[in-house]
Amino acid sequence: MTLPVITQEDLDALATLAADLQFADAERRAVLLEGNSRDINAAPGSGKTTILAAKLLLLSRKWPHARRGICVLSHTNIARDEIRQRLARSSEGARLLSYPHFIGTIHAFVNQFLALPYLRSVGIGVDVIDDDAFAQRALRKAKANGSLRYSMEQNQGVASKVAGLIYQGPDLQLASEGGSLPKPTSKTYPVMSEIKEELAQQGVFRYADMFAYAERLLRHHPSLIDRLTLRFPCVFMDEMQDTSWQQEQLLQQIFAGRSIVQRYGDVNQRILTQDNGAEFLTFPQPTALPISVSKRFGPQIASAVAGVQLAGTPVTGERADVRAPLLILYATERVEHVIPTFGRRVLELFEDAELRDGLVKAMCTRKQGDAKASPGRHLGDYWPASAGDAANDSNRPERFWALLSHASATARSKGTFANSAMEVRRAILLVLRSARAPAIADVRDAPQLIRQLLHAEHDVMPLRRLVRELLIRKADYSRPAERGAVPALVFQYLQPLLPPTMRLDAFSQLEVFAEPAYSVEIQGTEQYQCTVVHEQRQVTIPIGTVASMKGETHLATLVLESHGGNSQRFDLEEALKVLVGQSAPPTQKLLMGQFRNLYVAMSRPTSFLCIGANVDRVSAQSQDLLRAKGWNIEHL
Ligand SMILES: Nc1ncnc2c1ncn2[C@@H]1O[C@H](COP(=O)(O)OP(=O)(O)OP(=O)(O)O)[C@@H](O)[C@H]1O
């Protein structure tokens, strides 16, 4: 069977077909000319989907078959749509959008060609394939069963096991994505099994079930593999790094050694894949072609990204450098100022027109966590509104004076202290942190404050009185004139908890009582965005996890330090040591995962990379070495 071969003439034609893009460099040419099965491991911002779409366009112009097609598999609908949109721009490309070709997600492929035909053949209709819908219905059934309901009430983990019930493998073995199931001899196992069966009969499935049905079909009808490879002699896979072992296994079973398979991805960006079987994943093969030059950023950002890269040819960047990268080193009690400070720098560095055209975002690997370490552990430390408990009160300000004035205003308007006391406790915790009071070393947040102090046998009465006193004064703490007396008042009550050597004058000078050093206003604290207003200009910064911003291109990106939980390590603390050459790249699995998240995060911006880390975790020597590499450092 003949498959079209891409030649130098085709590449010349590409200069006209996609005039806004460049493919002239040796690495991209090699990828376009490759006609055999091959992996392509490409840097962030190298335009993986762009080059794949260009290659498809060239192939479609020469495609000779009417009943055999090209199969293009992506991981997400976004990548699928990007490929389809690029092809739709020309009539030749648009040919690939219909029979005999297939462009879709791996899930769509598995459903269309394997799982749904199997279910039809055994007389099961599909109502819905959706993890959330399944979870809802499974839990409803579980609550209707006495013993399972009791088990869920006794043990929180049981509900997620019920919600995650799946079939696995060709024998449709019962398993759960929410944790290990109890033994088949247990009381609850048969109930769970029955729930799964009932829902399957009603056509309610989780995504993973489709793979089990697909495997079952292939076991019963192995000749299907020949039919599929005959139909698709050429297979392209995008976002290969996100493919799970279960998916890879199935695709290998069908296509490996039969069709030409080219897989595109960036192994360093593998942050979403389930760990189950991850050690067997084969991407990228040692013979993979690299695309190491990013079209997103210039050499300075590339060098930072390469600094946290774990494998492959170091990333380089071919755009011009726009702004030097910035490290914001914050003192613990200033952690909530990091995002607004970044916003202010962005407003200083970029014109409104640039801000209109590009995204400015802040991201952190972890959303929440319970590590006992000083802040900078997760998004909730930098932006408390993002934590679950703040969701109902998204306008809660987060600095000492702002907390006090908000609490006092609420108490005045509502005529009760009920909703305000916690805010005042939070403000007091900020003061105790700022004073480095030994008594609160292990206190993570305000709701814990009193409990932990009691536990350590401290007298909490003065603290309770202080909360009351601050509210009862009915002061308007947003007015500087009403703030003057506060440090002395607070000192009077908190003195037994403060370091023994601390005197009132030093206490009054604590950072936490300082007026903001500049006139940044934070207009409301929305749960997932911060709007910074400065000199009548403003920028809105969406805030989220790295996983939620994968694949994006930003004008400016703020990467926030986080604690890895079980790894017991702060990601940027470790990464900065590697970046400046003081440590070797990590070999521990969990820390490597943290590095991959940083790699994704730091490779988003075209123009301005900013990272935020706790000053206590970056040595003076690292700071000097970073400056020597062209970074700016700002202390907060
Ligand atoms: N061949 C090309 N010529 C010119 N510009 C390109 C080319 N390929 C991509 N770009 C541009 O480079 C930027 C990054 O591209 P894109 O986001 O597609 O990269 P990516 O490989 O998918 O990145 P990531 O893996 O980080 O998500 C985009 O602004 C895109 O328009």
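None of these values were measured; they are calculated from a predicted model.

**Here we look at the UniProt feature "binding site: ATP" (unreviewed entry) in the protein chain**
Mapped onto the present numbering, the UniProt feature "binding site: ATP" (unreviewed entry) falls at Ala42, Ala43, Pro44, Gly45, Ser46, Gly47, Lys48 and Thr49. Relative to the elements of secondary structure, Ser46 occurs in the loop between strand 1 (38-42) and helix 3 (48-62). When residues no more than four places from it in sequence are discounted, the contact partners of Ser46 are Ile291, Val293, Ser294 and Lys295. For Lys48, the location among the structural elements is in helix 3. Its 24 C-beta neighbours within 10 Å are what place Lys48 among the buried residues. The residues contacting Lys48, other than those within four sequence positions of it, are Ala42, Asp238 and Tyr264.

**A closer look at the site of the ligand**
Lining the immediate surroundings of the ligand are 18 residues, of which Leu21, Pro44, Gly47, Thr50 and Lys295 lie closest. Considering each element in turn, the shell around the ligand owes the most residues, three residues, to helix 3. Grouping the amino acids of the shell around the ligand by side-chain chemistry returns four nonpolar, ten polar and four charged. In terms of domain composition, the shell around the ligand takes at least three residues from each of domain 1 (8-110 + 227-291) and domain 3 (295-385 + 519-636).

**Side note on helix 6 (residues 106-121)**
For helix 6, spanning 16 residues, the distance from its first C-alpha to its last is 21 Å, which sits close to the expected 22 Å at 1.5 Å a residue. Roughly 45 degrees is the biggest bend found in helix 6, and it falls at Gln112. Taken together, the buried positions of helix 6 are occupied by Ile106, His107, Phe109, Val110, Asn111, Leu114, Ala115, Tyr118 and Leu119. Next to the buried residues of helix 6 lie strand 2 (70-74), strand 3 (102-105), helix 11 (207-220) and helix 13 (245-255). After helix 6 finishes, the residue Gly123 shows a positive phi value of roughly 80 degrees.

**Focus on the sheet that holds strand 1**
Spatially, six strands are ordered 3-2-8-9-1-10 in an open sheet, and the strand pairing comes out parallel. Pairing within the sheet leaves two strands with one partner each, and these edge strands are strand 3 and strand 10 (289-291). Between one strand axis and the next, the sheet turns by 15 degrees as a mean value, whatever way the strands run. Pairing geometry for strand 1 and strand 10, over three bridges, is parallel. Within the sheet, the bridge partner assigned to Ala42 lies in strand 10 and is Ile291. Most of the contacts of helix 3 go to strand 2, to which it runs at about 170 degrees, and overall it touches strand 1, strand 2, strand 8 (234-237) and strand 9 (260-265).

Thresholds, definitions, all that
Residues numbered from 1 in each chain as written. Predicted model: local features only at pLDDT ≥ 70, side-chain atom pairs only at ≥ 80, totals over all residues. UniProt positions renumbered as here; feature names shortened; annotations may be inferred. Helix = DSSP H or I, 4+ residues; strand = E, 2+ residues; numbered from the N terminus. Contact = placed C-beta atoms within 7 Å. Buried ≥ 20, exposed ≤ 12 C-beta atoms within 10 Å, placed from the backbone. Near = placed C-beta within 6 Å. Nonpolar A, V, L, I, M, F, W, Y, C, P; charged D, E, K, R; others polar. Domains from an automatic or database assignment. Expected span 1.5 Å × (residues − 1). Bend = angle between axes of the 7 residues up to and from the residue. Pairing = 2+ DSSP bridges. Axes fitted to C-alpha atoms, helices over the stretch in contact; angles between N-to-C directions.

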